[in-house]
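Chain by chain, the residues run as shown.
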Amino acid sequence: MTSNIDYIDKIPNNVDLGRDRVLQRALEHWQPAYMGWWYDMGPNESHNYDVYLRTAISVDPEGWAQFDYIKMPQYRWGIFLAPPTQGREVNFGANKGQPAWHDVPGEYRSMLRRIIVTQGDTEPASVEQQKMLGMCAPSLYDLRNIYQVNVEEGRHLWAMVYLLHRYFGRDGREEAEALLDRRSGDVDNPRILGAFNEPTPDWLAFYMFTFFTDRDGKFQLSSLAESGFDPLARTCRFMLTEEAHHMFVGETGVGRIVERTAQVMAESHLESPDQVRTLGVIDLQTIQRYLNFHYSVTLDLFGGDVSSNAASYYTTGLKGRYEETKIDDDHELINATYKVGTISNGKVVEEEIPALNALNERLRDDYIGEVQAGVDRWNKVIEKHGIPFRLRLPHKGFHREIGNYAGHHISPDGEVMTAEQWNGRRDEWMPSAADYTFVQAMMQGRVVEPGKFANWIAPPRRGIHTKPIDFEYVRFN
Ligand code: BYC
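Residues numbered from 1 in each chain as written. Predicted model: local features only at pLDDT ≥ 70, side-chain atom pairs only at ≥ 80, totals over all residues. Heavy atoms only, no water.

Attention now moves to empty space enclosed by the protein. Under the criterion given, the structure shown has 3 cavities of 30 Å³ or more. Here the largest cavity defines a volume of roughly 100 Å³. Lining the largest cavity we find A310, Y313, Y314, K319, G320, R321, Y322, L359, N360, R362, L363 and D366. Where the lining of the largest cavity is concerned, the elements lending two or more residues are α10 (308–316) and α11 (359–384). Top element by residues in the lining of the largest cavity is α11. It accounts for 5 residues. (1 Å grid on protein atoms, 1.4 Å probe; cavity = no way out; pocket = protein on both sides within 12 Å on 5 of 7 lines; lining within 4 Å. Points joined across faces, edges and corners; volume = space filled by probe spheres on them. Helix = DSSP H or I, 4+ residues; strand = E, 2+ residues; numbered from the N terminus.)

Quick look at the pattern of salt bridges now. As a working rule, side chains carrying opposite charge can pair if their charged atoms are close by. All told, the structure shown has 37 salt bridges when counted by the stated rule. For the salt bridge of E428 with R425, the shortest nitrogen-to-oxygen distance reads 2.9 Å. Residue classification places R425 among the partly exposed residues on the basis of a relative accessible area of 36%. D427 is the salt-bridge partner of R426, the closest N and O atoms lying 3.3 Å from each other. Relative accessible area serves as the criterion here: at 29%, R426 is assigned to the partly exposed category. (Salt bridge = Lys/Arg side-chain N within 4 Å of Asp/Glu carboxyl O. Buried < 20%, exposed > 50% of the residue type's maximum accessible area, 1.4 Å probe, protein only.)

With antiparallel pairing, the 3 strands of this open sheet are ordered in space as β2-β1-β7. Edge positions in the open sheet fall to β2 (65–70) and β7 (474–475), since each of these has one partner strand only. With 2 bridges joining them, strand β1 (residues 50–56) and β7 adopt antiparallel strand pairing. For V51, the partnering residue across the bridge sits in β7 and is V474. Seen against the sheet, helix α4 (residues 140–167) touches β1, β2 and β7 and runs at an angle of roughly 40 degrees to β1. (Pairing = 2+ DSSP bridges. Contact = heavy atoms within 4.5 Å. Axes fitted to C-alpha atoms, helices over the stretch in contact; angles between N-to-C directions.)

Moving on to the pairing of β1. Of all 7 residues in β1, 7 are buried, a share of seventy percent or more. Side chains D50, Y52, R54 and A56 project from β1 onto one buried face, and the interleaved V51, L53 and T55 project onto a second face that is buried too. Taken together, the 6 bridges between β1 and β2 define a ladder with antiparallel strand orientation. Within β2, the residue paired with L53 across the bridge is D68.

What follows is about α10. Since the α-helix packs 3.6 residues into each turn, any two residues three or four apart lie on the same face. Three or more residues of α10 are buried, namely A310, A311, Y313, Y314 and T316. Of the surrounding secondary structure, the elements contacted by the buried residues of α10 are α3 (109–129) and α11. The opening residue of α10 is S307, an N-cap whose side-chain oxygen sits 3.3 Å from the backbone nitrogen of N309. Positive phi appears at G317, one or two residues downstream of α10, with a value of about 95 degrees. (Polar contact = N/O pair within 3.5 Å; in protein donor to acceptor, adjacent residues only side chain to side chain.)

Here the focus is the packing of α3 against helix α5 (residues 169–181). At their nearest, the axes of α3 and α5 sit 10 Å apart, and the two run at 20 degrees to each other. It follows from the interaxial angle that α3 and α5 lie roughly parallel. Along this stretch, α3 crosses α5, giving a crossing that reads as right-handed. Two secondary-structure elements touch here, α3 through R109, R113, V117, G120, D121 and P124 and α5 through G169, D171, E175 and L179. (Parallel < 35°, antiparallel > 145°, perpendicular 65-115°, else oblique. Left-handed = near helix turned anticlockwise from the far one by under 90°.)

Moving on, we come to the site of the ligand. In the vicinity of the ligand there are 30 residues, among which Q119, G194, G304, S307 and K319 approach most closely. G304 places a main-chain nitrogen or oxygen 2.5 Å from an oxygen atom of the ligand. With respect to the ligand, the side chain of N360 contributes an N or O atom lying 2.9 Å from an oxygen atom. In isolation the ligand offers 1100 Å² of accessible surface; the protein chains occlude 80% of this area. Here the ligand occupies the largest pocket. Contributing elements (two or more residues each) for the shell around the ligand: α3, α6 (203–224) and α10. If one sorts the elements of the shell around the ligand by residue count, α3 sits on top with 7 residues. Looking at the shell around the ligand residue by residue, the classes come out as 10 nonpolar, 13 polar and 7 charged. (Near = heavy atom within 4 Å. Areas by Shrake-Rupley, 256 points an atom, 1.4 Å probe, with all protein chains shown as cover. Sits in = over half its atoms within 2 Å of the grid points. Nonpolar A, V, L, I, M, F, W, Y, C, P; charged D, E, K, R; others polar.)

Considered as a void within the structure, the largest pocket measures approximately 770 Å³ in volume. Taken together, 38 residues line the largest pocket, and the ones lying closest to its centre are T118, L193, Q220, L301 and F302. For the lining of the largest pocket, the secondary structure elements donating two or more residues are α3, α6, α9 (284–300) and α10. Across the lining of the largest pocket, the residue classes tally to 14 nonpolar, 14 polar and 10 charged. There is about 500 Å³ of room inside the second largest pocket. Here the lining of the second largest pocket is composed, by residue class, of 8 nonpolar, 6 polar and 8 charged.

Structure, rendered in structure tokens:
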């Protein structure tokens, strides 16, 4: 097959793609397969729309985001690494102080490939999960935002595929193909990590996902941005610039739903969930249940509380802690300990374990600190409207399937229960089939008039890229 890709124009990059024959050959096969995947699994019925999107065309801090109308299949998925740091070293683990690697160290090859594949797998998974949501968008502004998130998740897949193609030879190419073969939720060939096989059936779920799960992305990418394997570090550093917008979409999305509900409750002086629902908004109790679900499945994404994999990733210098180089310690953690929760005699207790084995838990704790701050901001909105209800994060052990809490039944307050007790209260704590039916019924059809918003969500404070809120962010043609 001969190449018909104009590399410089179609694939913006700063990896000298125009002269890299190995990479070009790999992409000649992969790029058409990617486009096939996008047409098949990308946003439903969207291929002919003109969408006001930003495209990364360079890594220059001021110039990387170019905004224009574009049809999504013509989006220029590019390959970017953050600029190199001269003299960079491996900053942690047993190889601390060695020059950072510019090629894959042979002895760490399979471990590194596994990390890159796991990261890469989440990106197309999320696009698949969100495929149908454009059909019931609450406004053109929101529709444009989900499409922006989708094309950038596509680009993040490209980022990982670049590493596989460039550094892992034949097995890298095979892994890159497999990334397009697995499908979110597929019984036979599912995505690798649990949360990426859960449906995202409505916009409340989408905003919870972008708030909670994309933020796992931020913390994992930050840890990988510390990697001693320099191309991975630099790739992730650039991905983080795009990730920030996804979390903004999530936090403001949930915030606007909360705001609209609180506003309607304050105006109507109604508090009971059933009455609130009759006013065409989502009751705060349902929002809490969605929060419980998305928070708990996302906590699982950090892996086991006690993990020898995590210890190996760290000791070898492949995956660091969140903001590793800002931490004031020996960056080897040989004698350090860390507390993890576990169940003993029917109670949640803490035990002190070697810090190296607790690195997943430590990252999870860093993450929890940040999500708590976001929940506090949502609560300020509720408080401002004089409503006594407060959203809260459930206990870390609630509804967990990975790690020390897996197999136990823990209430949002941290009480260890029997399966029967827990299941008896499940619908108080987790979205029920009836909740999903209610939310989806409210989100029938999409709002297409510029500046108009569905009743269940407040408008944003401002538009995208200095455009007004009533800008025509999507043209349907
Ligand atoms: N589901 O030693 P353990 C993002 C497996 S999100 C299913 O505790 P480890 C994004 C594990 O694979 C960020 N299986 O785990 C967000 C292992 O399997 P084996 C994605 C799971 O390896 C929104 C076994 O259980 N990036 O970017 O320390 C939209 C024992 O596990 C799960 C990354 O994850 C699970 N939740 O930690 C778009 C970074 N958890 O060995 C994008 C790369 C664990 O028995 N990944 N297992 O076959 C990693 O660093 C690690 O793989 C993990 C797991 C932190 C995920």
